[in-house]
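Topology and contacts: notes
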Amino acid sequence: MSESDDSAILSRPRYGTLSPANAQYHLFVADDSGGEVIASLANRAPAGFFDNAEIIYVDTQTDVNNNTLQKVNALGCPRLYIGPTINAALPRLKASLNKIRMGTQVYVCGSESLLGLATMTAMEAGLDHQALQTEHRGSCARRMQCVHCKGITGNVNTQPATCEHCGLLLLVRDHYSRRVAAFQGVNINAEDPSDVPVKEEVYV
Amino acid sequence: MSGMATIDVVVSDVVTVNSLIKRFHFIRADGQPLPAFSGGAHIIIEMQDGDTLRRTPYSLMSSPLDTSDYQVSIRRDEEGRGGSLYMHNQVKNGMQMRIGRPANLFSLDKRAPKHLLLAGGIGITPFLAQIHQLVETNGSFELHYSARNEALCAYGAELAQRIGNRLHLYFDDQSQRIDFDTLLRTQPVGTHIYVCGPAPMIDHVLTRCEAMGWPDAHVHFEHFAKAPPGESFTIELKASNKRVVVGENQSILEAIEAAGVDAPYLCRGGACGQCETTVLECDGKLLHEDHWLEEDEKADGKKIMPCVSRFRGQRLVLDR
């Protein structure tokens, strides 16, 4: 399948724009690039909105002056967790999802990998898609699952990309699995392994 | 008739449950097992009441794991159109009847980590079947069941035996009320809610769910609207080239069928959408009574659900 065919793939996630929902409780997951979105949503939220909210913040150290983190801190949200990576923050997210009740809205904003992992975790907890909003900011680096060995490679920037588990050179498709929160990678040179296409940086 | 293939059955038992409710058991006339169904399914019972052929939906309450018979419990409704009175007064053990195949508009979402079941009065019936299924599959659930008093709380004692502390009973005469807001506020993520009972109870739960941020997909309800009586009127059926008078106690669908015109249906209670019919001309007012059409569709006046809705005016032409 060629790249152009992939553009029509329905499983390619589409993201929206966060807006304050009518809910009993609001759970945010964001990284440095997504933190801005929470700050701007706060301007449109009713008074007291963040009293019944929780923010799981991934400080990726890309925002050298911590401007965004300061803005998020200033919201006065009583439950603010700060972790170094989305993977480090996932146990906290799972614990929060176990505690929250129906009538909670979950908001996820940040890199494509963060959106995928947080969405997968929320869906596993039984959250309905109607109770989840996403907005993409920052990196488009992909999580990729090798369809051959099933290993998942993170932070894939290039097309094609090498599977870090079995070493095959993979075409990164738009075909997306919500179950594993990863794009599918298919061996690009199975018939002639000596034909090695040049890697181009496309997912930045 | 195009609604569904019917099944010839024999009434194998009629049991008085309490002063208002009787339970009817049906077995297949040919002795074979009945079709499989899932909890929440209903059947249409055909009743030849003098010159009138009634077809009324009732929820199956027996276990989906046992298709040797079907059981329905019917509350006597003195003000209804006569279906329940016919069942209570005319139907006897051994009688031959016809029923439709089961259809389910109120099924459990099997993905749910927890099911919250809310029943009011005779609205308990679909839950009885669902609970058989949930117990068998080890599903997590709670039933909150409200009745006028203990004597009218059909199957309350049996449920207490079967499901123990998963049952919560509320009796009006002891001023016990289901605290809907507390229930809705305290459910774990992923819970699905199911409500069946009087219309005001359903409306209240739907309103509170929306206000409290429950996603629609997690909120299920079943309410078979009754075709209300009203003034008689005449309709024209374009495709069949017929004029049909709809009687005071007849639905448009019943009048169409009585005129020998094949019309689709499934629930006959304004819930399933199967009988949706295009309005070709309308000089008057459509009296919508269904839960199927959206508010803007009702206002548009291009569609009608002939199983429950009526008409007042000069001329109504349907594409049927």
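Further up the page is the structure itself.
This one's a predicted model, so the numbers in the text were calculated from it and none came from an experiment.

Secondary structure summary: chain B contains seven helices and 17 strands in total. Computed over C-alpha atoms, the radius of gyration of chain B comes to 20 Å, within 12% of the 20 Å expected from 2.2 N^0.38 for 320 residues, which places it in the range of a compact globule. When the backbone C-alpha atoms are referred to their principal axes, chain B occupies close to 60 × 50 × 35 Å. Approximately 14400 Å² of chain B is accessible, and the part contributed by carbon and sulfur atoms is 44%. Averaging the locations of the 33 positively and 41 negatively charged side chains of chain B gives two centres separated by 2 Å.

Residues and elements named next belong to chain A. Packing of helix α4 (residues 86-99) against helix α5 (residues 112-124) brings their axes to within 10 Å, and their N-to-C directions diverge by 25 degrees. Here α5 runs roughly parallel to α4, going by the angle between their axes. Considering how the two elements wind past one another, α4 and α5 form a crossing that is right-handed. From α4, I86, N87, L90, L93, K94 and L97 reach across to α5, where they touch L114, L117, A118, T121 and A122. For the contact of α4 with α5, a count of residues per class yields eight nonpolar, two polar and one charged.

Here we come to a negative patch on the surface. All names here are of chain B. On the surface, E294, E295, D296 and D300 cluster together to form a negatively charged patch. In this structure, D300 sits in helix α7 (residues 295-300). A relative accessible area of 55% means that D300 is categorised as exposed.

With that settled, consider the interface of chain B and chain A. Between chain B and chain A, the residue contacts involve 17 residues of the former and 14 residues of the latter. If you sort the residues of chain B by the area they bury against chain A, V189, M212 and P215 of chain B come out on top, with a joint share of 41%. Applying the counting criterion to the chain B and chain A interface returns zero salt bridges. Seen at the junction of chain B and chain A, the total is seven residue pairs in polar contact (both at pLDDT 80 or more). Only α4 (180-185) and α5 (199-211) of chain B provide two or more residues apiece to the side of chain B that touches chain A.

Before going further, it helps to examine the sheet that holds strand β17 (residues 310-318) of chain B. The strands that make up a sheet pair up through hydrogen bonds in the backbone, lying either parallel or antiparallel. Residues and elements named next belong to chain B. Pairing is mixed across the open sheet formed by five strands, whose spatial order is β14-β13-β17-β15-β16. Each edge of the sheet is formed by a strand with only one pairing partner; in this case those strands are β14 (242-246) and β16 (303-304). Of the pairings in the sheet, the one linking strand β13 (residues 233-237) to β14 comprises five bridges and is antiparallel in character. Note on β14: the bridge partner recorded for L237 is K242.

Once that is clear, we can look at helix α3 (residues 156-163) of chain B. Residues and elements named next belong to chain B. For α3, the complete set of buried residues consists of G156, L159 and I163. One side of α3 carries all its buried residues, which in axial view fall inside an arc of 55 degrees. What points out from α3, more than 90 degrees from its buried face, is the exposed set A157 and Q161. In the core, the buried residues of α3 are packed alongside α2 (125-136), β9 (141-147) and β10 (167-171).

All names here are of chain A. Across the sheet, five strands lie side by side as β7-β6-β11-β10-β9; this open sheet has mixed pairing. The sheet is open, and its two borders are formed by β7 (152-156) and β9 (161-162), each paired with just one other strand. Bridging between strand β6 (residues 142-146) and β7 involves three bridges; their strand directions are antiparallel. By the bridge assignment, M144 is partnered in β7 with T153.

The next subject is unusual backbone geometry. Here the amide bond leading from Q159 of chain A into P160 of chain A is cis, since omega sits at -10 degrees, within 30 degrees of zero. Note on placement: P160 of chain A falls in the loop between β8 (158-159) and β9. We note that N241 of chain B has phi near 55 degrees; this positive angle belongs to a residue other than glycine. If you trace the backbone, N241 of chain B turns up in the loop between β13 and β14.

Right, let's get into the nonpolar core. Soluble globular proteins: nonpolar side chains tend toward being buried together. Residue and element names in this part refer to chain A. If you look at the biggest cluster of nonpolar residues, it comprises 35 residues, and the most contacted ones within it are V29, L93 and V108. Sorting the residues of this core by element identifies β1 (25-31), β2 (53-58), α4, β4 (104-110), α5, β6 and β10 (169-177) as the ones contributing at least two each. Of the residues forming this core, the biggest block, six residues, is contributed by α5. Residues contacting L93, with those up to four places away along its chain left out, are L27, V29, I56, A118 and T121.

Residue and element names in this part refer to chain A. Counting across every chain of the model gives 21 salt bridges over all chains. E135 is the salt-bridge partner of R137, the closest N and O atoms lying 2.9 Å from each other. Residue E135 is classed as buried on the basis of its relative accessible area, which comes to 8%. With a shortest N-O distance of 2.8 Å, D174 and R142 are connected by a salt bridge.

What follows concerns the pairing of β4 of chain A. Residues and elements named next belong to chain A. Counted residue by residue, β4 has seven buried out of seven residues, so it is predominantly covered. Because side chains alternate across β4, one face comprises the buried residues T104, V106, V108 and G110, and the other comprises Q105, Y107 and C109, equally buried. Note that β1 and β4 share six bridges and pair parallel. Within β4, the residue paired with F28 across the bridge is Y107. With five bridges joining them, β4 and strand β5 (residues 132-136) adopt parallel strand pairing. If you follow V106 over to β5, its bridge partner there is L132. Assessed by its sense of winding, the connection that carries the chain from β4 through α5 to β5 is right-handed.

Here we take up the pairing of strand β12 (residues 219-222) of chain B. Regular strands place their side chains on alternate faces of the sheet. Relative to β12 of chain B, strand β11 (residues 192-196) of chain B runs parallel, the two sharing four bridges. Following the sheet pairing, C196 of chain B is matched in β12 of chain B by E222 of chain B.

Rules used in this analysis
- Residues numbered from 1 in each chain as written.
- Chains lettered and ligands numbered in written order.
- Predicted model: local features only at pLDDT ≥ 70, side-chain atom pairs only at ≥ 80, totals over all residues.
- Heavy atoms only, no water.
- Helix = DSSP H or I, 4+ residues; strand = E, 2+ residues; numbered from the N terminus.
- Rg over C-alpha atoms; globule rule 2.2 N^0.38 Å.
- Areas by Shrake-Rupley, 256 points an atom, 1.4 Å probe, with all protein chains shown as cover.
- Lys, Arg positive; Asp, Glu negative; His and termini not counted.
- Charge placed at Lys NZ, Arg CZ, Asp CG, Glu CD.
- Axes fitted to C-alpha atoms, helices over the stretch in contact; angles between N-to-C directions.
- Parallel < 35°, antiparallel > 145°, perpendicular 65-115°, else oblique.
- Left-handed = near helix turned anticlockwise from the far one by under 90°.
- Contact = heavy atoms within 4.5 Å.
- Nonpolar A, V, L, I, M, F, W, Y, C, P; charged D, E, K, R; others polar.
- Patch = residues over 30% accessible without salt bridge, like charges linked within 9 Å, V, L, I, M, F, W, Y side chains within 5 Å.
- Salt bridge = Lys/Arg side-chain N within 4 Å of Asp/Glu carboxyl O.
- Buried < 20%, exposed > 50% of the residue type's maximum accessible area, 1.4 Å probe, protein only.
- Buried area = accessible area lost by both parts, 1.4 Å probe.
- Polar contact = N/O pair within 3.5 Å; in protein donor to acceptor, adjacent residues only side chain to side chain.
- Pairing = 2+ DSSP bridges.
- Arc of directions from axis to C-beta.
- Core = buried A, V, L, I, M, F, W, Y, C linked by side-chain atoms within 4.5 Å.
- Right-handed = clockwise from strand over helix to strand, strands pointing away.

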